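Topology and contacts: notes
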Amino acid sequence: DVLWKAQHPYPRFGQGAFKIALKALYHTRLRSLRVPEETHDEMVASSFRQWGKPTEATFRFLEERLRAFASAPAAGGARAERFYMVGDNPASDIEGVRRANIFHKAKGNDTAWKGVLVKTGVYKDGDETNGATTVVAGVAEAVDWILACEREHAK
């Protein structure tokens, strides 16, 4: 996102704007070093690695941490295979869910993510949901929905 969509009195730049600026600076530096112009795009592409949503590595890290927490004696040795992402941005939050599920399907394991899209930020009625499992009004409704899913699974 170049601009944050969330309501605010002034427009605010998001992570996308920083990424664009950093790439422009890198291109300028390559030109100043007289690196052949035709190699710039490849060099820039291979030099940048974005972390965070929607990279599936972020979701795998969360899985590892949550599994460690769930298996602790204080948690009763629970098994964590179902995960939920509550977010307001289909392009990052729900896209991360989609990518994590593709990863796990390719590995043939039972781990599954469900995307719960809330209407309290970026997402607005009528926007593309990017395959969210459900859309709810806010975080309280998301928690209620997740708890209902877990109760149903426990039957």
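Rules used throughout
Residues numbered from 1 in each chain as written. Predicted model: local features only at pLDDT ≥ 70, side-chain atom pairs only at ≥ 80, totals over all residues. Heavy atoms only, no water. Salt bridge = Lys/Arg side-chain N within 4 Å of Asp/Glu carboxyl O. Helix = DSSP H or I, 4+ residues; strand = E, 2+ residues; numbered from the N terminus. Buried < 20%, exposed > 50% of the residue type's maximum accessible area, 1.4 Å probe, protein only. 1 Å grid on protein atoms, 1.4 Å probe; cavity = no way out; pocket = protein on both sides within 12 Å on 5 of 7 lines; lining within 4 Å. Points joined across faces, edges and corners; volume = space filled by probe spheres on them. Nonpolar A, V, L, I, M, F, W, Y, C, P; charged D, E, K, R; others polar.

1. A word on the pattern of salt bridges
Summed over all chains, the structure comprises nine salt bridges. Measuring nitrogen to oxygen at the nearest pair gives 2.5 Å for the salt bridge that ties R82 to E150. With a gap of 68 residues between them, R82 in strand β1 (residues 82–87) and E150 in helix α5 (residues 139–154) connect regions that are remote in the sequence. Taking the relative accessible area as the measure of exposure, R82 reaches 35% and is therefore partly exposed. With a closest N to O distance of 2.9 Å, E95 and R99 form a salt bridge. Placement of both E95 and R99 in helix α4 (residues 90–107) is noted, with a separation of four residues, approximately one turn of the helix. Residue class for R99 comes out partly exposed when judged on its relative accessible area of 34%. One continuous salt-bridge network, built from bridges that share partners, spans E63, R67 and E81.

2. Some thoughts on unusual backbone geometry
Among all residues except glycine, the phi angle is most often negative; among peptide bonds, the trans geometry is most common. At R34, a residue that is not glycine, the phi angle is positive and equals roughly 60°. Topologically, R34 is positioned in the loop between α1 (15–32) and α2 (40–47). Judged by its relative accessible area of 73%, R34 is exposed. One non-glycine residue, N130, lies in the positive phi region at around 60°.

3. A short note on the layout of surface pockets
The volume enclosed by the second largest pocket comes to roughly 200 Å³. R79, A80, E81, R82, Y84, M85, V86, V143, I146, L147 and E150 are the residues that line the second largest pocket. Of all the secondary-structure elements, those providing two or more residues to the lining of the second largest pocket are β1 and α5. Its residues assigned to classes, the lining of the second largest pocket comprises seven nonpolar, no polar and four charged.

Everything listed is a geometric property; what it means functionally is a separate question.
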